[in-house]
Amino acid sequence: MDMSLKEIFEGMENNENRPPPSDQSKVGGGEKRSRKKRKGTNNPILESGCIEKVEQVVRIKQKQEEDKESARLHSFNPACKINETLKPGRNGRMRSLRSTNYTKKVSAADLQQHIPVTFPEVLLSVEVYHNVRQCVKTQELLVLGKQPLTDLREKIHCSMDQVMQKAGQYDPSGYFLIEDVFYTDLRDPSAINYAKPILDWLRNSKEEVQKKWEYIISGRLHQKHKAIMGEVSASNLPRFASIEMQKIRFCDLLFRLGAGYLYCHQGDCTHTLVIRDMRLFHTDDVHNRTVYPIVTFQLKMVFKKCSACKIFRATKVTADDKWTPQNPCYFCDECFSLLHFNDDGLPYYNSFLEYDYNHD
């Protein structure tokens, strides 16, 4: 009703604002008569306009209510029961969504075999550092004291493994150097004992070894070694040994907290390992032995985009490329082939170096 009255009065005001007819003779009495006529004709116009507008608004409201009723779902209806089922269709009888819940949630830990941790047990916090940027920590792991060294090696992530595997030159060999002992990984039949040539050199070249050792202890390494172990003489050469990695557990090791040890793989890719902390296992720790070692810190990997399209991740990097705006320059597979090879697959020029790119 309010809406209809508002529209009628707005129409009447528009009519009143119109200028009167330009007739100079009709002044005075004629103007009074016209006002009387206008006053007398307002009632039927108002009543008819209001009735029409009210009927129109009522029809619109009825139409809206009908649309709401037809579009209302049974699940939104408060009068509908939860266990009420729908009518059977072609696919059989449908049930309410509440009856289709699972009895057990699936997670990554549930997919593994559950082996309880036996007490007493200790936890070691091991830090792994970058092979080139030696001051940058890449990983930190929690290791059980009764786990072998091979479990830790399988959890260490290095991009060199991916590069060598992609090049078809992956080497499963590797070793940990902890307190003058080489713990080598010889599980794979094709693995090589990296420690053997080093031990042979120590036995067969004693004079050269003595000179190297004197040079080592006379510099900054001597100062660090002295702060940890005390005074070291040139005659006290370390007695190195080699043991297979899979036979040694962390609780069998002799190590110092905070000291730096060596992990070597893929020939000459070396990482510094630091056993930062050691504590007893308690009830708040994960009691499933299969999830250890647990990675508690992982350095975020940075991936570069293609320098040409700026969309896809780079898979190639070129150096000394004369057609690139920067050196080195990164490309995805599509852009690299378009800019460096013709339709026959032949290179436009060969005066550049090409490498595979994984991440920074």
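Since the model is a prediction, treat every value here as computed from it, not as a measurement.

What counts as what
- Residue positions are counted from 1 within each chain, in the order its sequence is given.
- Reporting of local features is limited, given that this is a predicted model, to residues whose pLDDT is at least 70; pairs of side-chain atoms are given and counted only at 80 or more, and all residues count toward the totals for whole chains, interfaces and linings.
- Values reported for side chains reflect all heavy atoms of the structure, with hydrogen atoms and water molecules removed beforehand.
- Put simply, DSSP marks the helices as runs of H or I at least four residues long and the strands as runs of E at least two long, and each gets a number from the N terminus on.
- Throughout this description, buried means an accessible area under 20% of the type-specific maximum (1.4 Å probe, protein chains only), exposed means over 50%, and partly exposed covers the range between.
- Contact criterion: two residues are considered in contact whenever any of their non-hydrogen atoms come within 4.5 Å of each other.
- Shrake-Rupley sampling with a 1.4 Å probe provides the accessible areas, and residues are treated as covered by the protein chains on show and by no other component.
- DSSP calls a pair of strands paired once it identifies at least 2 bridges connecting them.
- Here, axes are lines fitted to C-alpha atoms. For helices the fit covers the stretch in contact, and angles between N-to-C directions go from 0 to 180 degrees.
- By definition, pLDDT measures how confident the predictor is in each residue, and it falls between 0 and 100.
- By nonpolar core is meant a set of buried Ala, Val, Leu, Ile, Met, Phe, Trp, Tyr and Cys residues that side-chain atoms within 4.5 Å join together.
- Throughout this description, a polar contact denotes any pair of N or O atoms lying within 3.5 Å of each other; where both atoms belong to protein, one of them has to be capable of donating a hydrogen while the other can accept it, and for residues adjacent in sequence the pair is counted only when both atoms sit in side chains.
- A pair of Phe, Tyr and Trp rings is counted when the ring centres sit within 6.5 Å of each other, with Trp represented by its six-membered ring. The angle between the planes then sorts it: under 30 degrees is stacked, over 60 is edge-to-face, the rest tilted.
- Relevant arc is that of directions from the helix axis to the C-beta atoms, nothing else.
- By definition here, a salt bridge exists when the distance from a side-chain nitrogen of Lys or Arg to a carboxyl oxygen of Asp or Glu is within 4 Å.

Participant: Tell me about the overall build of the protein chain, and name the residues and values.
Facilitator: The helix and strand inventory of the protein chain stands at nine helices and 11 strands. For the protein chain, the residues scored as buried account for 27% of the 360 residues in total. Intrachain contacts of the protein chain at a sequence separation of at least 6 include 59% that bridge at least 24 residues. Accessible area of the protein chain: about 26200 Å², with a carbon and sulfur share of 54%.

Participant: How would you summarise the sheet that holds strand E9 (residues 316-319) if you had to cite specific residues and measurements?
Facilitator: The strand order across the open sheet built from three strands is E10-E9-E11, with neighbouring strands paired in antiparallel fashion. Whereas interior strands pair on both sides, the edge strands pair on one side only; in this sheet they are strand E10 (329-331) and strand E11 (353-356). Across this sheet, the average inter-strand angle for adjacent strands is 30 degrees, counted without regard to direction. Pairing geometry for E9 and E11, over four bridges, is antiparallel. Bridge pairing in E11 links Val317 to Tyr355. Along the sheet, helix H9 (residues 333-340) makes contact with E9, E10 and E11, crossing E10 at roughly 110 degrees.

Participant: Could you give me a rundown of the confidence of the model for the protein chain, with the residues and numbers involved?
Facilitator: For the protein chain, the mean per-residue pLDDT works out to 76, and 67% of the residues sit at or above 70. The low-confidence segment residues 22-41 (pLDDT under 50) makes zero contacts with residues lying over four places distant or belonging to another chain. Counting contacts from residues 73-107, a segment whose pLDDT is below 50, to residues more than four positions away or on other chains yields 13 contacts.

Participant: So what's going on with the nonpolar core? Which residues, and what values?
Facilitator: Residues Leu149, Leu152, Phe176, Tyr183 and Leu253 are the most contacted members of the largest nonpolar core, which totals 22 residues. Listing elements by their share of this core, those giving two or more residues are strand E1 (122-129), strand E2 (137-144), helix H4 (149-155), strand E3 (174-178), strand E4 (181-184), strand E6 (260-265) and strand E7 (269-280). Looking at this core element by element, the count peaks at three residues for E1. Excluding anything up to four places from it in sequence, Tyr183 contacts Leu149, Gly174, Tyr175, Phe176, Ile178, Ile243, Met245, Ile248 and Leu253. Ranked by size, the runner-up nonpolar core spans nine residues in total, among them Tyr175, Leu177, Leu202 and Cys264.

Participant: Account for the sheet that holds E1, with residues named and values stated.
Facilitator: Read from one edge to the other, the open sheet built from eight strands follows the order E5-E4-E3-E6-E7-E1-E2-E8, with strand pairing classed as mixed. A strand with exactly one partner marks an edge of an open sheet, and here the two such strands are strand E5 (241-244) and strand E8 (294-298). Averaged over all pairs of adjacent strands, the angle between strand axes in this sheet comes to 25 degrees, irrespective of strand direction. Looking at chain direction, E1 and E7 are connected through seven bridges and run antiparallel. Looking at the pairing, Val122 lines up with Leu280 of E7. Contacts between helix H6 (residues 195-204) and the sheet are confined to E3, E4 and E5, with E4 contributing the most and set at about 155 degrees to the helix.

Participant: Which residues make up the environment of Ser190, and what values go with them?
Facilitator: Mapped onto the fold, Ser190 is located in the loop between E4 and H6. For the pair formed by Ser190 and Asp171, sequence separation is 19 residues and the distance between their alpha carbons is 8.1 Å. Reaching out from Ser190, the side chain makes a polar contact with the side chain of Asp188 at a distance of 2.5 Å.

Participant: With reference to specific residues and values, describe the packing of aromatic side chains.
Facilitator: Across all of its chains, the model carries 12 aromatic pairs by this definition. Measuring from centroid to centroid gives 5.0 Å for Tyr330 and Tyr357, while their planes differ by 70 degrees, and the two rings are edge-to-face. You can see Tyr330 sitting in strand E10 and its partner Tyr357 sitting in the segment after E11, a full 27 residues away along the chain. Judged by relative accessible area, Tyr357 falls into the buried class, the value being 8%. Here Phe336 and Phe352 contribute two aromatic rings whose centre-to-centre distance is 6.4 Å and whose plane-to-plane angle is 75 degrees, an arrangement assigned as edge-to-face.

Participant: Would you mind going over the pairing of E7 in detail, with residue names and values included?
Facilitator: By the bridge criterion, six bridges tie E6 to E7 in an arrangement that is antiparallel. Residue Gly260 lies in a different strand from E7, and its bridge partner there is Val274. Two successive antiparallel strands, E6 and E7, enclose a turn made up of three residues, where Gln266 displays a positive phi of approximately 50 degrees.

Participant: Mind laying out H6, listing which residues take part and the relevant values?
Facilitator: Taken as a whole, H6 has its buried residues at Ala195, Leu199 and Leu202. Looking straight down H6, one finds its buried side chains confined to an arc of 55 degrees; they lie on one side.

Participant: Could you give me a rundown of the pattern of salt bridges, with the residues and numbers involved?
Facilitator: Tallied over the entire structure, the rule returns 14 salt bridges. With a shortest N-O distance of 2.6 Å, Asp185 and Arg153 are connected by a salt bridge. Separated by 32 residues along the polypeptide, Asp185 in the loop between E4 and H6 and Arg153 in helix H4 bring together distant segments of the chain. Taking the relative accessible area as the measure of exposure, Asp185 reaches 3% and is therefore buried.

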